[in-house]
Amino acid sequence: MIKQASYRTTMKKINSELLTPILIFQRLKGKRKFLLESDSKFKDSGRYSIIGVNPIKSYSGSGNTLIEKQFHSGKEYRYEGDLLTLLKRVMPRIIGPSEFPFTGGAVGYISYDAKIKSRHQNTMQIPSVHFYIYETILVFDHLKDEVTIIHTEVNPEQQKIDLERIIIEIQTPSTVIQDEEYQLSPFSSELSKERFIEQIEKAKEYIQKDEIDQIVLSRSQLADFRGNPFSIYRKLRKQNPSPYMYYMDFDDHIVLGTSPESLIKVTNEVISTNPVGGTRKRGKTEEEDQLLAKELLNNKKEQQEHSMLVEVAKNDLLEVTMPGTLQVKQYMKLERFEHVMHLVSSLQGKLSPLYHSLDVLMSTFPAGAITGYPKEKAIELIDQIETSHRNIFGGAIGYIGFNGNIDFAITIRSMLIKNGIAHIQSGAGIVKDSIPERELNETIDKTKSLTVLSNVE
């Protein structure tokens, strides 16, 4: 059962005239910081930025074991079972309306393999599920130009939070971190271009045999890293503004990124998702850009791929939505980003009273956009064809609120930094008419927002 209670919540509002989310993040003192943002041009998600520090506990695990660590007391607890089901069971739940979409709760990621038994070794040794629980967060309202500090007391034994001290911290000028304070070498892949094309040809063989309609294959790249990871995030958010922008510190590794694609969002029992499928690089001139956009919109292969993704999303959501409420609100709209353009659709429905928002997450995970169609067969074949563990790539990153809301992006256009190595990964949807060289180039185009950050010759 999900714990439901009327926890004590305290809020303090301050004017944000001289503040930005970046400044607040830099000035906050403590460990395990996170920053969630959305570019303002994406009006549905761009109103709020959310910042947190000093979580009270963590939930992390792999396989069938979830470990709870309480940072104040040092106590640990182990839970056995399905990781996502366990998360639903241990998350506290606040009863009543909320002023903001997120008022505190779990922030973190779910790796691609969380519900998949991969034959590949997890050489990076990061958990399949990793969340921190934040009682105290700061919400930057860009519309009202206002910052709200929210503290929800879910653990009375926890050390008391001084909200006035936090206000002083974020209003006191401090040294600003410079963008250039990092060194990132050029990225390279252990999987050669020739080997990746062979994998694409293998996928097409399965498609030709009618065993599957689409398979999404991916390719990872690595680079040496030194310096302050937050400087990379600052540069990335400027160069590739996106609906989902995030920076999360997990002690021994950092996850940062600018994802264009929602996995699932539930706000006040309204479910929404935006399948992204179909990609072209941006043109060097306005004329070339328009020609590429026209070609993408009229390309039968891309239309077929996108149509499959919309159908997968529909099938995933039918069980958890109220009958008759699931609708396609937007179909195959062209959206431009810094280095690529995509075809994007939008689906919306009403959460069935029989289900919790985390049931919606479980019904959609992993996303069809990073597996293929039919999903289960695609997952099986990906594990056969690919040669390494996907880790966070193609997983989910976002929050689970005490108020029952969730918002998760698909973990793409993202970087994982651990032990001085930066890891990135991208995929391409393989269908019957796929041209292997074009699919390879698509994976390269999708990572350009990250590879251009390299600053070491």
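Residues numbered from 1 in each chain as written. Predicted model: local features only at pLDDT ≥ 70, side-chain atom pairs only at ≥ 80, totals over all residues. Heavy atoms only, no water.

1. Regarding the pairing of strand β19 (residues 276–281)
Put simply, the rule is: Buried means the residue's accessible area, taken with a 1.4 Å probe over protein chains only, is under 20% of the maximum for its type, while exposed means over 50%, and partly exposed covers the values in between. Counting from the N terminus, the helices are the DSSP runs of H or I reaching at least four residues and the strands are the DSSP runs of E reaching at least two. A strand pair is defined by DSSP finding two or more bridges across the two strands.
Counted residue by residue, β19 has five buried out of six residues, so it is predominantly covered. Note that β19 and strand β21 (residues 340–350) share four bridges and pair antiparallel. Pairing of Thr279 across the sheet is with His342, part of β21.

2. Structural notes on the confidence of the model for the protein chain
The predicted coordinates ought not to be read in detail in places where the model reports low pLDDT. Applied cut-off: Confidence of the predictor at the level of single residues is given by pLDDT, which spans 0 to 100.
When pLDDT is averaged along the protein chain, the result is 90, and 94% of the positions lie at 70 or above. Mean pLDDT values for the elements of the protein chain range from 50 in strand β1 (residues 3–5) up to 98 in strand β25 (residues 414–418).

3. What about helix α4 (residues 193–208)?
Put simply, the rule is: A helix is expected to span 1.5 Å for every residue after the first. Taken from the helix axis, the directions to the C-beta atoms give the arc we talk about. Contact between two residues is taken to exist if any of their heavy atoms lie within 4.5 Å; hydrogens are not considered.
Its 16 residues give α4 an end-to-end C-alpha distance of 23 Å, which sits within 8% of 22 Å, the value for a rise of 1.5 Å per residue. Those residues of α4 lying buried are Phe196, Ile197, Gln199, Ile200, Ala203, Lys204, Tyr206 and Ile207. Buried residues of α4 fall within an arc of 165° about the axis and therefore sit on the same side. Structurally, α4 contributes buried residues whose contacts are with β14 (214–227), α9 (375–385), β26 (421–430) and α10 (436–446). Just downstream of α4, Asp210 is the residue with a positive phi angle, here 65°.

4. Digging into the packing of α4 against α10
Definition in use: Only the contacting stretch of a helix is used when fitting its axis, a line to C-alpha atoms as for every element, and angles between N-to-C directions run 0 to 180 degrees. For classification, angles of less than 35 degrees are called roughly parallel, those exceeding 145 degrees roughly antiparallel, those between 65 and 115 degrees roughly perpendicular, and all remaining angles oblique. Handedness of a helix crossing follows the sense of rotation of the near helix relative to the far helix, less than a right angle counterclockwise being left-handed and clockwise being right-handed. Amino acid classes used here: Ala, Val, Leu, Ile, Met, Phe, Trp, Tyr, Cys and Pro are nonpolar; Asp, Glu, Lys and Arg are charged; the rest, including Gly, are polar.
Remark: α4 packs on α10, axes separated minimally by 9 Å, with the N-to-C direction vectors making an angle of 120°. In terms of axis orientation, α4 runs oblique to α10. Crossing hand, α4 versus α10: right-handed. Mapping the contact onto sequence places Lys193, Phe196, Ile197, Ile200 and Glu201 in α4 and Pro436, Glu437, Glu439, Leu440, Thr443 and Ile444 in α10. Residues of the contact of α4 with α10, tallied by class, amount to six nonpolar, one polar and four charged.

5. Digging into the nonpolar core
Inclusion rule: Take the buried Ala, Val, Leu, Ile, Met, Phe, Trp, Tyr and Cys residues and link them wherever side-chain atoms come within 4.5 Å; each set so joined is a nonpolar core.
Ranked by size, the top nonpolar core spans 59 residues in total, and within it Ile110, Val129, Ile215, Leu263 and Ile400 carry the most contacts. Tallying contributions element by element places α4 first for this core, with six residues.

6. So, the packing of aromatic side chains
Applicable threshold: Aromatic rings from Phe, Tyr and Trp, taking only the six-membered ring of Trp, are treated as a pair when their centres fall within 6.5 Å; an angle between ring planes under 30 degrees marks them as stacked, one over 60 as edge-to-face, and anything in between as tilted.
Counted by the stated rule, this structure contains 14 aromatic pairs. Look at Tyr132 and Tyr134: their rings are 6.4 Å apart centre to centre, the planes differ by 80°, and that puts the pair in the edge-to-face class.

7. Concerning unusual backbone geometry
The omega angle of the peptide bond from Phe365 to Pro366 is -10°, so this bond is cis rather than trans. Relative to the helices and strands, Pro366 is located in the loop between α8 (357–364) and β22 (372–373). Note the cis peptide between Tyr373 and Pro374, where omega equals -5°. On the secondary structure map, Pro374 appears in the loop between β22 and α9. Even without being glycine, Asn54 reaches a positive phi, approximately 55°. Tracing the chain through its elements places Asn54 in the loop between β4 (48–52) and β5 (57–62). What makes Asn54 partly exposed here is its relative accessible area of 38%. You will see that Asn419, though not glycine, has its phi angle at about 55°, which is positive. Tracing the chain through its elements places Asn419 in the loop between β25 and β26. According to the relative accessible area criterion, Asn419 is exposed, its value standing at 68%.

8. Remarks on the pairing of strand β9 (residues 105–110)
With six of six residues buried, β9 is to be regarded as a mostly interior element. Two strands pair when backbone bridges link them, and β9 and strand β10 (residues 129–134) are joined in this way by six bridges, in the antiparallel orientation. Bridge pairing links Gly105 to Tyr134 in β10. As judged from the six bridges shared by β9 and strand β23 (residues 396–401), these two strands associate in the antiparallel manner. Within the sheet, the bridge partner assigned to Ala106 lies in β23 and is Ile400.

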